[in-house]
Amino acid sequence: MSESKNNAAAHYKGSLKIVGSILIIWAFISFGCAIIFRTWMDANMPKIGNAPFGFWMAQQGAIIGFVILLLVYTYLMNKLDHKYGYGEED
Amino acid sequence: MSQDIWNFIFIGITFTIYIGIALWAKAGSTKEYYTAGGDVSAFANGMATAADWMSAATFISMAGIVAASGYDASRFLMGWTGGFVLLTTLMVPYLRKFGKATVPDFIGDRFYSKTARVVAVICALFICMTYIMGQMRGVGIVFSRLFSIEISTGVIIGGSIVFFYAGLGGMKGITYTQVAQYCVMVFAYTIPVVFISLALTGNVIPQMGLIGDFTKGGGEAVPLLQKMNDLSVELGVTKYTDGSLSTIDMFCITAALMAGTAGLPHVIVRFFTVKSVKAVRKSACWTLSFIAIIYLTAPALGLFARTNLVDEINNKTYQEAPSWFKNWENQSMIAWVDKNNDGIIQYGQGTAFVGKPIMDGEKRGEQGQRLVSNEISDDVNEVYYDRDIIVLANPEMAGLPPWLIALVMAGCVAAALSTAAGLLLVLSTSISHDLMKKIIKPDMSDKQEMAYARIASFVALVIASYFGINPPSSFVAKTVAFAFGLAASSFFPTLLMGIFSKRINREGAIVGMISGISFTFAYIFYFQFIADHKDYLFGISPEGIGFVGMIINFIVTFVISYFTPPPPQEVQDMIESIRIPSGAGKASH
């Protein structure tokens, strides 16, 4: 019992770490690159094709980033589940 | 064959498919009605959620908004996709593990209170009703254009179809219909854009065309965005890649849309239909990928359409204007006012006239253009176009065959119907399950509960159709954005704190939800009907006020919880158990 309780606490801690890191990147690529620092990004970052960096992030880059973030999240969480013995078959 | 016949064929075929699926998937138990039996595959659920998610507003209006406002429209692009990251990482795995069929169920149990459950039911009804009205209006508009019938008749036809497969099949019927609807939508949306991209930029992939060169007419290749920016400067309008919204407003609207996405009950319940927490994550990846296909196409389509519009219309005589210009003029969606009487169309800063065009009967001007009876404005601009034609007219702009135009029409209808069905399910289960079964008549049988669900969905549709036919002023046009504000200020903070804090109690949650949603609603209502937009709080428009409402909810819930006793031990145990992903079992009720 106590071991499973420890596992649960460790798993929860691990998942908070994963979620936290994912959300920091999430906020950076959307609110950061595409809104708050956009003007700076437009001026100082390399263009994507013919599009200014901040504008491209706002229209396409952030969305591509979101999809990748979810894939990474799913991969990391499944690995974490297995590590603490909560893994499930499909 | 004429366009009308193609439209009939495509709408006919797709409707037959939807009804066929509904008959095949008729729900026999409340379990099937609420969660489709709980064993939908992650892939199918991903598609169904994507269709559920993308409403008539997304499908018809988004590209038009991008075309009209360039960078500013990114708030919708990012807001409506970014919310899925919040939804997936913070909400659905935990709610799925909790294992009950509705969102008010979770709130009722987590906050051990009937009052909390009732407040959640009211919030759900409020959000879904606001949202579904807009969808019914959308269905009506598409039908009225398709078959030249009254909008009200169109609303009633759409409503009957939705009732048939949502009311009869419940979640099971909806899930498989939405899979079919997604397929229709994605083909209808992307195929025409590929051809437009080829014509304008020589690039088969529209997403690459957006950042590519303009090569149409064999002239020198110029970067497409550069060309658009130069044209904008020439016309005296804001550059395409610059925004005109303030940073704070842009931030708040995007944040409200994201949090709203993560709090929308009809999206959350879709994830109760899969087998396990692991499947929830996988399904969410599929969902966002399917959504991204369309959301990455929209900005390309917006830019292409704007280029076409300026390029083919500005400084041309009315006789030279392309045929789609005149076709949509006949539909009252485009209008031209020759202000300087030079017979040449000028497109530029400002509006052509006040409000939407009111055509002066069939009267024609000197050049053959239709005359409007609106008050003419002082701006240089002579052209009015309804943003919603961008998607509807783009196959025509690209000179594509009539069957493809019919496909786009079918896609529009699919988008509106799929979302309306998902919302209807939440409405009916909130009433039958959370209100009737859990509060008013706990000794109801499974059969009675289903009967209530069907009656509730019928009543909800009648009300939604009424408002679809008689929209309360311009309110419906913006309702979708408002529904997000309401969801962001009520469900999102409450669910989030309910999952991640053991200390938050019922008193905090109830007062928090009420204060969040009433602040947001009051602000929207005030600026929609009473005050002028100059008095916005910190310059935040009603679209973005859900973000402030959300913060209010967080603070109120937090403060009140700490001055009142903590939740009982069994609730704290439950919170611990939902944090462990395995052993979820099937969602029950």
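The name given to chain B in an unreviewed UniProt entry is Cation acetate symporter, with Lentisphaera profundi as the source organism. We quote the UniProt Sequence similarities (unreviewed entry) comment for chain B here in full: "Belongs to the sodium:solute symporter (SSF) (TC 2.A.21) family."

Naming follows an unreviewed UniProt entry, where chain A appears as DUF4212 domain-containing protein of Lentisphaera profundi.

K.L.:
I'd like a description of the overall build of chain A, backed by residues and values.
P.N.:
Scanning chain A for helices and strands turns up three helices and zero strands. Counted from the first residue to the last, chain A has its helices and strands arranged as α-α-α. Here the C-alpha atoms of chain A give a radius of gyration of 18 Å, more than 25% beyond the 12 Å that 2.2 N^0.38 yields for 90 residues. For chain A, the C-alpha atoms occupy an extent of roughly 60 × 25 × 15 Å along the three principal directions. Looking at chain A residue by residue over its 90 residues, the buried ones come to 52%.

K.L.:
Go over the overall build of chain B, please, and point to the residues and values.
P.N.:
A tally of helices and strands in chain B yields 21 helices and eight strands. Its C-alpha atoms give chain B principal-axis dimensions of roughly 80 × 50 × 45 Å. Relative to its full complement of 589 residues, chain B shows a buried share of 62%. For chain B, long-range pairs separated by at least 24 residues make up 81% of all intrachain contacts whose partners lie at least 6 apart in sequence. As presented, chain B carries roughly 20000 Å² of accessible surface, and 64% of it is formed by carbon and sulfur atoms. Positive and negative charge centroids in chain B, built from 41 and 41 side chains respectively, lie 14 Å apart.

K.L.:
I'd like to hear about the UniProt feature "domain: Sodium symporter small subunit" (unreviewed entry) in chain A, residue by residue, with values.
P.N.:
Taking the UniProt record as the reference, the feature "domain: Sodium symporter small subunit" (unreviewed entry) is found at residues 9-86 of chain A. This span, residues 9-86 of chain A, is 85% helix and 0% strand, and a straight line between its end C-alpha atoms measures 12 Å.

K.L.:
Give me the lowdown on the layout of surface pockets, citing residues and values where you can.
P.N.:
All names here are of chain B. If you add up the space inside the second largest pocket, you get close to 340 Å³. Every residue along the wall of the second largest pocket is listed here: Gln3, Asp4, Asn7, Arg145, Leu146, Ser148, Asn327, Trp328, Gln331, Glu396, Ile405 and Met409. Of all the secondary structure elements, the ones that give two or more residues to the lining of the second largest pocket are helix 1 (3-24), helix 7 (114-147), helix 14 (323-330) and helix 16 (402-440). For the lining of the second largest pocket, the element with the most residues is helix 1, which contributes three residues. Taken together, the residues of the lining of the second largest pocket sort by class into four nonpolar, five polar and three charged.

K.L.:
A description of the packing of helix 3 (residues 42-53) of chain B against helix 13 (residues 277-313) of chain B should follow, citing residues and the corresponding values.
P.N.:
Residue and element names in this part refer to chain B. Between helix 3 and helix 13, whose axes approach to 7 Å, the crossing angle comes to 45°. As the angle between them shows, helix 3 and helix 13 are arranged oblique. For the element pair helix 3 and helix 13, the recorded crossing hand is right-handed. Contacts between helix 3 and helix 13 involve Ala42, Phe43, Asn45, Gly46, Met47, Thr49, Ala50 and Trp53 from the first element and Ala279, Lys282, Ser283, Trp286, Thr287, Phe290, Ile291 and Tyr295 from the second. Split by residue class, the contact of helix 3 with helix 13 holds ten nonpolar, five polar and one charged.

K.L.:
For empty space enclosed by the protein, give the residues involved together with the corresponding values.
P.N.:
According to the stated counting rule, one finds one cavity of 30 Å³ or more in the structure shown. By volume, the largest cavity is sized at about 60 Å³. Lining the largest cavity are His11, Tyr73 and Met77 of chain A together with Pro93, Tyr94, Val277, Arg281, Ile578, Arg579 and Pro581 of chain B. Here the lining of the largest cavity is composed, by residue class, of seven nonpolar, one polar and two charged.

K.L.:
Run through the side chain of arginine 110 of chain B, naming residues and quoting values.
P.N.:
All names here are of chain B. Topologically, arginine 110 is positioned in helix 6 (residues 103-110). Within polar-contact distance, the side chain of arginine 110 engages the backbone oxygen of serine 501 at 2.8 Å. One polar contact links the side chain of arginine 110 to the main-chain carbonyl oxygen of isoleucine 504, over a distance of 2.9 Å. With residues up to four places along the chain from it excluded, the contact list for arginine 110 reads Met497, Gly498, Ser501, Lys502, Ile504, Pro567, Val571, Met574 and Ile575.

Procedures and definitions
Residues numbered from 1 in each chain as written. Chains lettered and ligands numbered in written order. Predicted model: local features only at pLDDT ≥ 70, side-chain atom pairs only at ≥ 80, totals over all residues. Heavy atoms only, no water. UniProt positions renumbered as here; feature names shortened; annotations may be inferred. Helix = DSSP H or I, 4+ residues; strand = E, 2+ residues; numbered from the N terminus. Rg over C-alpha atoms; globule rule 2.2 N^0.38 Å. Buried < 20%, exposed > 50% of the residue type's maximum accessible area, 1.4 Å probe, protein only. Contact = heavy atoms within 4.5 Å. Areas by Shrake-Rupley, 256 points an atom, 1.4 Å probe, with all protein chains shown as cover. Lys, Arg positive; Asp, Glu negative; His and termini not counted. Charge placed at Lys NZ, Arg CZ, Asp CG, Glu CD. 1 Å grid on protein atoms, 1.4 Å probe; cavity = no way out; pocket = protein on both sides within 12 Å on 5 of 7 lines; lining within 4 Å. Points joined across faces, edges and corners; volume = space filled by probe spheres on them. Nonpolar A, V, L, I, M, F, W, Y, C, P; charged D, E, K, R; others polar. Axes fitted to C-alpha atoms, helices over the stretch in contact; angles between N-to-C directions. Parallel < 35°, antiparallel > 145°, perpendicular 65-115°, else oblique. Left-handed = near helix turned anticlockwise from the far one by under 90°. Polar contact = N/O pair within 3.5 Å; in protein donor to acceptor, adjacent residues only side chain to side chain.

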